[in-house]
There are 2 protein chains.
Amino acid sequence: MSKMHSVAVIGLGSMGMGVATSCIRAGFDVYGIDLSDAARQALAAAGAKGTSHQCTDFAAQLDAVIVLVVNAKQVNAVLFESGLAASLKAGTPVMVCATISADDAKAIAAGLAQYDLCMLDAPLSGGAAKAASGELTVMASGEPRVFDQLEPVLNAVAAKVYNVGPEIGKGSTVKIIHQLLAGVHIAVGAEAMAMAARADIPLDLMYDVVTNAAGNSWMFENRMKHVVEGDYTPTSMVDIFVKDLGLVADSAKAMHFPLPLASTALNMFTEASNAGFGQEDDSAVIKIFSGIELPKKER
Amino acid sequence: MSKMHSVAVIGLGSMGMGVATSCIRAGFDVYGIDLSDAARQALAAAGAKGTSHQCTDFAAQLDAVIVLVVNAKQVNAVLFESGLAASLKAGTPVMVCATISADDAKAIAAGLAQYDLCMLDAPLSGGAAKAASGELTVMASGEPRVFDQLEPVLNAVAAKVYNVGPEIGKGSTVKIIHQLLAGVHIAVGAEAMAMAARADIPLDLMYDVVTNAAGNSWMFENRMKHVVEGDYTPTSMVDIFVKDLGLVADSAKAMHFPLPLASTALNMFTEASNAGFGQEDDSAVIKIFSGIELPKKER
């Protein structure tokens, strides 16, 4: 159980890089996999034992794999199409942290089981800063022994680990419901600020009132600041919420359940993407409203 | 300007009672008006100079009037139909704190002007506890001299006063946009918790994850606790949001502006009211979702 020395992190974006450096700090031998030269060099400089663009390169010596790619298609690519699953030691735990549907999580776990590999369905929340400091929130489901195997890794990367039970897919479902709230909060923040602009209320004053009153949300406070400053440099993009609220909609359909607000928010982000704002900060969903003037970035 | 000794508070509900006792603590002679015997007795016991069910009873000696009734119809009743406006000294400032539309605020200000009375359009936020401690948030518009006249009263009741400018209606508009956010946050909190119930995620765990992550809102944290505990004893009722989101819709129509999320949330609260939950806590909007089992209150 305590034989956890070598860990591979696959996907060195802002979250993966933070997770990998947290694992280095905790004393593991860390191997980083990414297609980006820059990301691999950055991790090597941070103390990785090895890096590669090839998923299979360190397979034989790994005690755990952490998958931090963007969607289910990429998870399948790095685990199965690359040949990694076939190359890992039997019993190696695979921690899948991408935001994916419960059905995809189950299919991936079934695929891993064919190679005698076990999965933790372990989406993350907290953003790049908390990833870097090893203080993420993990909402995970899987067999108790997989939690036990991965405990040293979870301790290294997370401030809070929620155990949603043994059933693969439950962790992903909790993350998806969380994203429902996050996405609607951004969209309604935009709707409220757009109405304020229409009513000639100064947006900085509106922001100040809301963040000091019961109408506040974490996302309003974080994202509507970008609107007040007129700065749509992406921290997280509109297209990410087209994807995540799309997963919310797929999950709702699979469980035959209506989501009046989340479906509306998905329409808003989809319209924003089609209008050309998909690669801007997700607060740019406010640009779907016509007939208003928004603050411009100061130069 | 500093001749502010006697203040009447009209409407002694949970907010009005808190405002009145805050004024007593600040050393004003406070007069309380309410139809409820119990409310009047409570304020008398708290040190009021006088109480009555009749709005005109202390009119001649008042230096300011604070109106804390529920809607525009009641504001018109207590100010005009009662004969109060005709009985006040010319120049007496009237602080209207009800959540009303910008158009209603303007009409009331025009009515007061006919009696040489000036108005502060001054909706409140913060709830009963902050009202009692004199720490409300006030979002107010009106002439600078009215702000000056009412400064001692504002100091007594508010921790934060936002000056939205001289135009009557702007204060009300800021409050209405705030209510847009508050109402949608409750409705989407309910939608997310309903989906969690459908997915057999324990609601206390879902609550714990969200309140420790970026999907949190002030309303989610406050109201979804009632869902987790199965306790729909009203702190604020479903029907209040049918009213407030109705004002949001009216205001949007008046400014020819679409509100995709707020209009959906209004439908959800209206359905909850028609289904018989209008007098329950506003978190009971979750009861519009069928095919789920919600936590029951422990006895």
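Figured I'd write up the structure that's included with this text. (Residues numbered from 1 in each chain as written. Chains lettered and ligands numbered in written order. Predicted model: local features only at pLDDT ≥ 70, side-chain atom pairs only at ≥ 80, totals over all residues. Heavy atoms only, no water.)

Residues and elements named next belong to chain B. Mapping glycine 32 onto the fold places it in strand 2 (residues 29-33). Note on glycine 32: relative accessible area 0%, which makes it buried. Separated by 54 residues in the primary sequence, glycine 32 and alanine 86 place their C-alpha atoms 19 Å from one another. Ignoring anything within four residues of it in the chain, the contact list for glycine 32 reads Val9, Leu12, Leu43, Gly50, Thr51 and Ser52. (Helix = DSSP H or I, 4+ residues; strand = E, 2+ residues; numbered from the N terminus. Buried < 20%, exposed > 50% of the residue type's maximum accessible area, 1.4 Å probe, protein only. Contact = heavy atoms within 4.5 Å.)

Time to look at the relation of the copies chain B and chain A. The transformation that overlays chain B on chain A combines an axial shift of 0.0 Å with a rotation of 180°, and the residual RMSD is 0.0 Å. The operation mapping one copy onto its partner corresponds to a two-fold rotation axis. Distance from the rotation axis, computed per C-alpha, reaches its smallest value in chain B at B:Ser217: 1.9 Å. Interface overlap between copies: 100% of the residues of chain B at the interface are likewise at the interface in chain A, consistent with a symmetric, same-surface contact. (Least-squares fit on C-alpha atoms with pLDDT ≥ 70 in both.)

Time to look at helix 3 (residues 72-81) of chain A. Two residues of an α-helix separated by three or four positions point the same way, owing to the 3.6 residues in each turn. All names here are of chain A. Of the residues making up helix 3, those classed as buried are Ala72, Val75, Val78 and Leu79. Relative to the axis of helix 3, the buried residues are bounded by an arc of 135° and lie together on one face. Exposed and oriented more than 90 degrees from the buried face of helix 3 are Lys73 and Glu81. Where helix 3 is buried, its residues contact strand 1 (6-10), strand 4 (64-67), helix 4 (84-87), strand 5 (93-96) and helix 5 (102-113). After helix 3 finishes, the residue glycine 83 shows a positive phi value of roughly 90°. (Arc of directions from axis to C-beta.)

Now for the side chain of B:Ser125. Examined against the element boundaries, B:Ser125 turns out to sit in strand 7 (residues 124-125). Apart from the residues lying within four places of it in its own chain, the contact partners of B:Ser125 are A:Ala213, A:Ala214, B:Leu136, B:Thr137, B:Met139 and B:His178.

What follows covers the packing of aromatic side chains. For the structure shown, the criterion picks out 9 aromatic pairs over all chains. On the numbers, 5.9 Å between centres and 20° between planes, the contact of A:Tyr207 with A:Phe220 is stacked. Placement of A:Tyr207 in helix 9 (residues 203-211) and of A:Phe220 in helix 10 (residues 218-229) is noted, with a sequence separation of 13 residues between them. A residue is classified by how much of its surface remains accessible, and A:Tyr207, at 12% relative accessible area, is buried. Note on A:Phe220: relative accessible area 1%, which makes it buried. When the centroid spacing of 5.5 Å and the interplanar angle of 25° are considered together, the rings of A:Phe241 and A:Phe269 count as stacked. Placement of the pair is A:Phe241 in helix 11 (residues 238-254) and A:Phe269 in helix 12 (residues 260-277), with a sequence separation of 28 residues. Each member of the pair A:Phe241 and A:Phe269 is classed as buried. The cationic tip of B:Lys287 hangs over the ring face of B:Tyr232; the distance from NZ or CZ to the ring centre is 4.1 Å. (Phe/Tyr/Trp six-rings, centres within 6.5 Å; stacked < 30°, edge-to-face > 60°. Lys NZ or Arg CZ within 6 Å of the ring centre and 35° of its normal.)

Residues and elements named next belong to chain B. On the basis of which strands lie adjacent, the open sheet formed by 6 strands has the order 3-2-1-4-5-6 and parallel pairing. Edge positions in the sheet fall to strand 3 (50-52) and strand 6 (118-121), since each has one partner strand and no second. Strand-to-strand twist in this sheet, taken as the mean axis angle between neighbours without regard to direction, amounts to 20°. Note that strand 1 (residues 6-10) and strand 2 share 5 bridges and pair parallel. Counted as the bridge partner of isoleucine 10 is isoleucine 33 from strand 2. (Pairing = 2+ DSSP bridges. Axes fitted to C-alpha atoms, helices over the stretch in contact; angles between N-to-C directions.)

Treat this as a map of the structure, not an account of what it does.
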